[in-house]
Amino acid sequence: MTRILSVDGPEAPVIKEAAAILAAGGLVAFPTETVYGLGADGLNPEAVALIYAAKGRPSTNPVILHVDGVDSAKALASHWPIEAQQIADRYWPGPLTLVLPASERVPPIVRAGGPTVALRCPAHPVALALIRAAGRPLAAPSANRSQHLSPTLAEHVASSLGGAVDLILDGGPTEAGLESTILDLSGPRPRILRPGPILPAELAAIVGPVALWAGAVRMGATQAAPGMAERHYAPRARLELVTPGTGLSPGPGRAAYVGLGALPSLPVSTRGILLPMDAEAVGSRLFALLHELDDEGYDRVVMEWPPEEEAWMAVRDRLRRASAKESE
Ligand code: AMP
Ligand code: MG
């Protein structure tokens, strides 16, 4: 049976217990400022293997190591370029992941056999306290079954992963609601592998021009970064994306329509949901809303496609992948 214990801050005694479970090779789900993470000792290959099994995650998809600061990060990279230092100085702790050449200490399973490692120092006080109490980097992908919606509440973790986790630390709803921005500094040029709360322009202001994977920019483009399967973040309901103001096309099943900034007129049987024309607000609410609509049994969720502005890039990326067909 998975236990869920609420944790009100970094001093909570349950953090010590959670650290002991991690040190013994177990799994603990915990809140971060982005989404809930499924944590294991990142230097223990058997513990990390439990993450892959619990999530049903393909072994080709590497996991992020969560650290308590730059010193721990440096010990896991074989090279720490000046750009990494500059980005960490500005955005750590925070929703920003750096991909760097891995040191020999990083087990192959963490890297999915590749030469690089992804590193992040989370800003959530409970996550930081847990990493410190455990005294080791924590491998912690989002705490959901592979390809499903990311969890922004402890209840989402419990319903997605159930008995596979030893302990869930319940710290309430997560703040950013979308996963970290991933910046790859291992190649000749900085490159964003996953758009997130920290925007490309903010990174470019520090490291100069950053390359972008094209799928984040256009609807329907495909992507080839490691482990970034096209279909991801998928709700049970069918998600359809439409031009703003389109309204609902006829179709079978119970439908919800999500408008941005305004709602068109809708059939009386359709639930209309109005979200503000505000990328951060929509980002923090998106996964929780899709979870709610799934729980309420909707068959179709029709959502308006956000503006093509940079601020909306992470939301567009999650929507595009949440609506991708199973076969893609
Ligand atoms: P999640 O499972 O939601 O935490 O996502 C972790 C993301 O980090 C996945 O999309 C991985 O592809 C990405 N990632 C982890 N390690 C690496 C790496 N060494 N190189 C590139 N991407 C990575
Ligand atoms: Mg995930």
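Since we're looking at a predicted model, the values are computed, not measured.

Engineer: Is there a simple way to explain the overall build of the protein chain in this structure?
Structural biologist: Assigned secondary structure in the protein chain consists of 10 helices and 15 strands. Here the C-alpha radius of gyration of the protein chain, 19 Å, is about what a compact globule of 328 residues would show, namely 20 Å. With respect to the principal axes defined by its C-alpha atoms, the protein chain has extents near 55 × 50 × 35 Å. In the protein chain, buried positions account for 56% of the 328 residues. Within the protein chain, counting contacts between residues at least 6 apart in sequence, those at least 24 apart form 65% of the total. When the accessible area of the protein chain is evaluated, it comes to approximately 13,400 Å², of which 54% is carbon and sulfur surface. Once the 28 positive and 34 negative side-chain charges of the protein chain are each reduced to a mean point, those two points are 4 Å apart.

Engineer: Could you clarify how one ought to interpret the pairing of strand β15 (residues 300–304) in this entry?
Structural biologist: Within a regular beta strand, the side chains point alternately toward one face of the sheet and then the other, so they alternate between its two faces. In terms of burial, β15 is a largely internal element, 5 of the 5 residues being buried. On β15, burial covers both faces: Arg300, Val302 and Glu304 on one face and Val301 and Met303 on the other are all buried. Bridging between strand β12 (residues 238–242) and β15 involves 5 bridges; their strand directions are parallel. Pairing of Leu239 across the sheet is with Val301, part of β15. Direction of pairing for strand β13 (residues 255–260) relative to β15: parallel, over a ladder of 4 bridges. Note on β15: the bridge partner recorded for Ala256 is Val301.

Engineer: Please explain the nonpolar core as it appears in this structure.
Structural biologist: Formed by 46 residues in total, the largest nonpolar core has its most connected members in Trp92, Leu98, Leu119 and Leu203. Elements supplying a minimum of two residues to this core: β3 (37–41), α2 (45–55), α4 (82–91), β5 (96–101), β6 (116–120), α7 (154–161) and α8 (200–207). The greatest single-element share of this core, amounting to 5 residues, is contributed by α2. With near-sequence residues (within four places) excluded, Leu98 lies in contact with Trp80, Ala84, Ile87, Trp92, Val117, Ala118, Leu119, Leu183 and Leu185. Grouped together as the second largest cluster of nonpolar side chains are 27 residues, Leu241, Leu260, Val282 and Leu293 included.

Engineer: Looking at this model, I keep getting lost on the sheet that holds β15. Mind explaining?
Structural biologist: Strand pairing in a sheet relies on backbone hydrogen bonds, with the paired strands running either antiparallel or parallel. Strands sit in the order β12-β15-β13-β14 across an open sheet of 4 strands; the sheet is parallel. Every interior strand has two partners, whereas the edge strands, β12 and β14 (271–275), have only one. Each strand of the sheet is rotated relative to its neighbour by a mean of 20 degrees, with strand direction disregarded.

Engineer: In this structure, what is going on with unusual backbone geometry? I would like to understand it.
Structural biologist: For residues that are not glycine, phi is negative in most cases, and the peptide bond is trans in most cases. Each neighbour pair has its own omega, and for Trp92 with Pro93 the value is -10 degrees, a cis peptide bond. In this fold, Pro93 is placed in the loop between α4 and β5. Phi at Ala112 is positive, roughly 55 degrees, even though this residue is not glycine. By secondary structure assignment, the location of Ala112 is in the loop between α5 (108–111) and β6. Given the relative accessible area of 27%, Ala112 is considered partly exposed.

Engineer: I would appreciate a short explanation of the pairing of strand β9 (residues 181–184) in the present structure.
Structural biologist: On β9, burial covers both faces: Thr181 and Leu183 on one face and Ile182 and Asp184 on the other are all buried. Note: β5 against β9, 4 bridges, orientation parallel. Residue pairing across strands places Thr97 opposite Ile182, the latter belonging to β9. With 3 bridges connecting them, β9 and strand β10 (residues 191–194) associate as antiparallel partners. The residue bridging Leu183 from the neighbouring strand is Ile192, located in β10. The antiparallel pairing of β9 with β10 creates a hairpin that spans 6 residues between the two strands.

The rules behind the values
- Residues numbered from 1 in each chain as written.
- Chains lettered and ligands numbered in written order.
- Predicted model: local features only at pLDDT ≥ 70, side-chain atom pairs only at ≥ 80, totals over all residues.
- Heavy atoms only, no water.
- Helix = DSSP H or I, 4+ residues; strand = E, 2+ residues; numbered from the N terminus.
- Rg over C-alpha atoms; globule rule 2.2 N^0.38 Å.
- Buried < 20%, exposed > 50% of the residue type's maximum accessible area, 1.4 Å probe, protein only.
- Contact = heavy atoms within 4.5 Å.
- Areas by Shrake-Rupley, 256 points an atom, 1.4 Å probe, with all protein chains shown as cover.
- Lys, Arg positive; Asp, Glu negative; His and termini not counted.
- Charge placed at Lys NZ, Arg CZ, Asp CG, Glu CD.
- Pairing = 2+ DSSP bridges.
- Core = buried A, V, L, I, M, F, W, Y, C linked by side-chain atoms within 4.5 Å.
- Axes fitted to C-alpha atoms, helices over the stretch in contact; angles between N-to-C directions.

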